[in-house]
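Each chain is listed here by its residues.
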Amino acid sequence: MTARIHPTAIVSADALIGADVEIGPFAIIGEGCTIGDGCVIAPRAMLERNVVLGTNVTVGSGSILGGDPQDLKFKGEHTIVDVGDGTIIREYATINRGTTQSYKTTIGQNCFIMSYVHLAHDCHVGDGVILVNGVQLAGHVTVGEKAIISGLSAAHQFVKIGKYAFVGGCSRISQDVPPFIKAVGNPIKLYGLNSVGLQRNNFPEEVVRELKRAYRLFFRSELNVTQARERAATELKPYAEVQELLRFLDESGRGVIV
């Protein structure tokens, strides 16, 4: 099917529009944008420039994708926003383009970005992530696949949130949140394994047990990180998920919440 573009919409001459795309009243599609097959752009939404949407992406009313990064070092370089297949972006979300640090802001496939969410420049969001109403991510924040960040939470720049992590509402995320773990509060604290999330995603029981052992070793023992790391090398079974947790702890730049 051909695209269905409302007569009041404004579409740049160089925009690439896929098949079966719907663009609503007063929507604006700026220069350098690519819209994949089956996308829906709601009324008054704006793709300002250099936005790439995969297939079957929904952009809600009043949302603005591809605005300039809010970074005083930005000098107009060519950077993009890249959104994966099947992602839903609800009303009044704002997603800025990258800077020369990574040249793009990315959202993975099948994410749910709820109303009033803000993704600053150079954020990188993995597949299946849920960002609840009003979540605010500063520049250079990384969110791993299937993580959930609850409403009105805010993340400091360069923070990393691991895959399958769960962050409770109204949290101030000032340091890295390890994968597979729950965190909430201001100041934010860890509250055990994200057992419900792991169960919903069909993690094997033996893997969950080993992740619980790892959690207790690193965050609920009297060992420092170096001592816990040494114990982990000999005491924990080398499941891929355990190795992912250890790698995250080793590579943390801002330090990990405890």
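This text goes with the structure placed above it.
Residues numbered from 1 in each chain as written. Predicted model: local features only at pLDDT ≥ 70, side-chain atom pairs only at ≥ 80, totals over all residues. Heavy atoms only, no water.

1. Examining the pairing of strand β11 (residues 64-67)
Then comes step 1: Here strand β8 (residues 46-47) runs beside β11; their pairing, made up of two bridges, is parallel. For L47, the partnering residue across the bridge sits in β11 and is L65.
Then comes step 2: When β11 meets strand β14 (residues 94-96), the two strands line up parallel, connected through three bridges. Following the sheet pairing, L65 is matched in β14 by I95. (Pairing = 2+ DSSP bridges. Helix = DSSP H or I, 4+ residues; strand = E, 2+ residues; numbered from the N terminus.)

2. Comments concerning the nonpolar core
Then comes step 1: If you look at the biggest cluster of nonpolar residues, it comprises 71 residues, and the most contacted ones within it are I41, L53, L137 and I161.
Then comes step 2: For this core, the secondary-structure elements that each account for two or more residues are β9 (51-53), β12 (80-83), β27 (181-185), β28 (188-193), α2 (205-219), α3 (225-235) and α4 (240-251).
Then comes step 3: Take this core: its biggest share by element is eight residues, from α2.
Then comes step 4: Every residue in contact with L53, bar those within four places of it in the chain, is listed here: T34, I35, G36, C39, I41, L47, V59, L65 and V83. (Core = buried A, V, L, I, M, F, W, Y, C linked by side-chain atoms within 4.5 Å. Buried < 20%, exposed > 50% of the residue type's maximum accessible area, 1.4 Å probe, protein only. Contact = heavy atoms within 4.5 Å.)

3. Concerning the state of the cysteines
In protein structure, a disulfide is the covalent linkage between the sulfur atoms of two cysteines.
Then comes step 1: Overall, the coordinates contain zero disulfides when judged by the stated rule.
Then comes step 2: C33 forms no disulfide, and the closest cysteine sulfur to it belongs to C39, at a distance of 11 Å. (Disulfide = S-S within 2.5 Å.)

4. Examining the packing of aromatic side chains
Then comes step 1: Throughout the structure, instances matching the rule amount to six aromatic pairs.
Then comes step 2: For the ring pair Y92 and Y116, a centre distance of 5.5 Å and an interplane angle of 15 degrees mean the geometry is stacked. Taken together, the residues span a long stretch of sequence, with Y92 in the loop between β13 (88-89) and β14 and Y116 in the loop between β16 (112-113) and β17 (118-119) at a distance of 24 residues.
Then comes step 3: Taken together, a centroid distance of 6.0 Å and an interplanar angle of 15 degrees make the contact between Y164 and F180 stacked. Residue Y164 is found in the loop between β24 (160-161) and β25 (166-167), and its partner F180 is found in the loop between β26 (172-173) and β27; the two are separated by 16 residues along the sequence. (Phe/Tyr/Trp six-rings, centres within 6.5 Å; stacked < 30°, edge-to-face > 60°.)

5. Observations regarding the sheet that holds strand β3 (residues 16-17)
Then comes step 1: Across the sheet, which stays open at both edges, the eight strands sit in the order β3-β6-β9-β12-β15-β18-β21-β24 with parallel pairing between neighbours. Of all the strands in the sheet, just β3 and β24 have a single pairing partner and so form its edges.
Then comes step 2: Taken together, the two bridges between β3 and strand β6 (residues 34-35) define a ladder with parallel strand orientation. Bridge pairing links L16 to T34 in β6.

6. Some points on the sheet that holds β17
Then comes step 1: Strand order in the open sheet formed by nine strands is β2-β5-β8-β11-β14-β17-β20-β23-β26, and the pairing between neighbours is parallel. Looking at which strands have only one partner, the edges of the open sheet turn out to be β2 (10-11) and β26.
Then comes step 2: Relative to strand β23 (residues 154-155), strand β20 (residues 136-137) runs parallel, the two sharing two bridges. Looking across to β23, one finds that Q136 is bridged to A154.

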